[in-house]
Amino acid sequence: MTARIERDGLPPWLLPVRDAAERVRPEQLSRFLPPAEGGRASAVLMLFGESAAGPDLLLIERARSLRSHAGQPSFPGGALDPEDGDPAGPGPVAAALREAWEETGLDPAGVQVFAALPALYIPVSRFVVTPVLGWWRQESPVAPVDRCETGAVFRVPIAELTDPANRARLRHPSGHLGPAFAVGGRLVWGFTAGVIDRVLHHSGLELPWDTSRTVDLSDEAIELAQGDRDRSRALLGGDARTP
């Protein structure tokens, strides 16, 4: 699997994303930054494609049988294996492509990796995560490879992610507030939503939205993974409150 970054040859709509990824600083993406030592190196693939609905993003839904983040939408990805290479070098790109192949059946040969964001940190799992950005220049069939790990594979139009009606801030039981997107019948939150939010913002794709719109992370919110778009928007509209 190739681990080379190729920045040229992208569609025009993706150029602002590439440019933002090349200049953004870690502290502009998250308040959780990797510690000086420790943490488990990992990577995720933020794969942009284009379908009849326009530019989109590939996401997966984690299997509901998993111990952590069960049923939660996320990017394909996981921890680096020794064969992926140096975590400070080509390792994250190789790992992101490998994990996407293992989880969705994606053919890495059809993916042009055009950038990598600075490594971020997930304190609860101690993962040091590098988001790898790719352009799906030659699409291949995708579907869950192992239902014990991946519950669904789906594509979300960028237009839905930027639609102000689909956006809110999610309050975790710990009190932490983070971005959330109600798209395609699913509620995207946590680390994945945080990366999407910052990439949209710094690339200039973000539309003005009501940042005071807040919902609590609840059983109902998590169950949206099996809901529909009307239920998603009902949660954001009916249960919205200002902190």
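Residues numbered from 1 in each chain as written. Predicted model: local features only at pLDDT ≥ 70, side-chain atom pairs only at ≥ 80, totals over all residues. Heavy atoms only, no water.

Draft legend 1. Local environment of the environment of S140. One can find S140 in the loop between strand 7 (127–136) and strand 8 (150–157). S140 sits in the buried class, given a relative accessible area of 15%. In the structure, S140 is positioned 31 residues away from A109 in sequence and 9.4 Å away in space, judged by C-alpha atoms. Leaving out residues up to four positions away in the same chain, S140 has contacts with L106 and D107. (Helix = DSSP H or I, 4+ residues; strand = E, 2+ residues; numbered from the N terminus. Buried < 20%, exposed > 50% of the residue type's maximum accessible area, 1.4 Å probe, protein only. Contact = heavy atoms within 4.5 Å.)

Draft legend 2. Representation of the packing of aromatic side chains. Using the criterion set out here, one finds three aromatic pairs in the structure. Seen in terms of ring centroids, W13 and W135 are 5.9 Å apart; in terms of plane orientation they differ by 80°. Their pairing is edge-to-face. Taken as a pair, W13 in the segment before helix 1 (15–23) and W135 in strand 7 lie far apart in primary sequence, 122 residues in all. By relative accessible area, which is 11% here, W135 ends up buried. Centroid distance F48 to F114: 6.4 Å. Interplanar angle 50°. Geometry classified as tilted. Here F48 is found in strand 1 (residues 40–51), whereas its partner F114 is found in strand 5 (residues 111–116), with 66 residues between them in sequence. Neither F48 nor F114 differs from the other in exposure class; each is buried. (Phe/Tyr/Trp six-rings, centres within 6.5 Å; stacked < 30°, edge-to-face > 60°.)

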